[in-house]
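What follows is each chain in one-letter form.
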Amino acid sequence: KYEKLWLIFGVSSLIVFLTVLGIGAFYKGMHPPSHLATIDPQNVEAHEAFKEENLGLRQLDEDKYIVSVIASAFNYNLGKDEDGASVNNIRIPVGSTVVFQVTTTDVVHGFQLAGTNVNMMVEPGYISSLETEFNKPGTYTLLCNEYCGTGHHYMAATVEVY
Ligand code: CUA
């Protein structure tokens with residue numbers, strides 16, 4: 001009698017396991033694909049997208065933007081504002097489509113925008129890019145989710161959707 005119970009238990013846990021696996025794969029499939037291109041990590045400024053004047057937010061079209069970022073220990077370089085200060089906050093109108101393109105000059109960094117589907121790994125020698133749409137106003141925190149050294153937890157910036 002107990003054997004039958006155990007058999008039912010075993011089969012049920014197998015079904016639960018497969019369901020969880022299936023749902024996981026489904027949600028992974030919902031993530032926008034991130035795309036990789038190569039770049040010389042010693043000389044990222046030679047690439048058009050990462051020239052000083054092209055860093056940070058640029059408007060491409062009425063509701064389309066591009067954000068170029070150079071990650072390095074322990075900072076996200078989003079360019080400079082009119083006063084020459086480092087930009088640490090980007091403002092994007094709600095409903096915009098934004099392409100993030102990110103590279104690193106040293107080690108592997110993360111690029112995660114908490115509360116959105118933006119989550120990329122940034123590797124030296126590559127440009128990670130991802131397109132997303134911002135439909136919910138709010139302030140989103142950009143953070144590094146790959147341990148990159150002693151200042152890892154200082155790597156942060158904000159994206160304000162208004
Ligand atoms: Cu960069 Cu952790």
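Residues numbered from 1 in each chain as written. Predicted model: local features only at pLDDT ≥ 70, side-chain atom pairs only at ≥ 80, totals over all residues. Heavy atoms only, no water.

In this section: the domain arrangement of the chain. Annotation of the chain at the domain level lists domain 1 (1-30) and domain 2 (35-161). For domain 1 and domain 2, the distance between their C-alpha centres works out to 40 Å. (Domains from an automatic or database assignment.)

Further remarks concern the nonpolar core. Counting 27 residues, the largest nonpolar core has Tyr-76, Phe-100, Phe-111, Leu-113 and Phe-134 as the members making the most contacts within it. For this core, the secondary structure elements donating two or more residues are β3 (64-72), β5 (89-92), β6 (97-104), β7 (109-113), β8 (119-122), β10 (138-143) and β11 (156-161). Leaving out residues up to four positions away in the same chain, Phe-100 has contacts with Val-67, Phe-111, Leu-113, Val-118, Met-120, Ser-128, Ser-129, Leu-130, Thr-132 and Phe-134. Core analysis: the second largest hydrophobic core is formed by seven residues, Ala-49, Leu-55, Ile-70 and Ile-127 among them. (Core = buried A, V, L, I, M, F, W, Y, C linked by side-chain atoms within 4.5 Å. Buried < 20%, exposed > 50% of the residue type's maximum accessible area, 1.4 Å probe, protein only. Helix = DSSP H or I, 4+ residues; strand = E, 2+ residues; numbered from the N terminus. Contact = heavy atoms within 4.5 Å.)

Glancing now at the environment of Thr-139. Take Thr-139: it is sitting in strand β10. When the C-alpha atoms of Thr-139 and Tyr-162 are compared, they prove to be 8.5 Å apart, with 23 residues separating the residues in sequence.

This part takes up the sheet that holds β10. Backbone-to-backbone hydrogen bonds pair the strands of a sheet. The strands run either parallel or antiparallel. Reading across from one edge, β5-β11-β10-β7-β8 is the order of the five strands in this open sheet, with mixed pairing throughout. At either margin of the open sheet sits one strand with a lone partner, and together these are β5 and β8. Within this sheet the neighbouring strands show an average axis-to-axis angle of 15 degrees, counted without direction. Here β7 pairs with β10 via two bridges, running antiparallel. Residue pairing in the sheet places Gln-112 in a bridge with Leu-143 of β10. (Pairing = 2+ DSSP bridges. Axes fitted to C-alpha atoms, helices over the stretch in contact; angles between N-to-C directions.)

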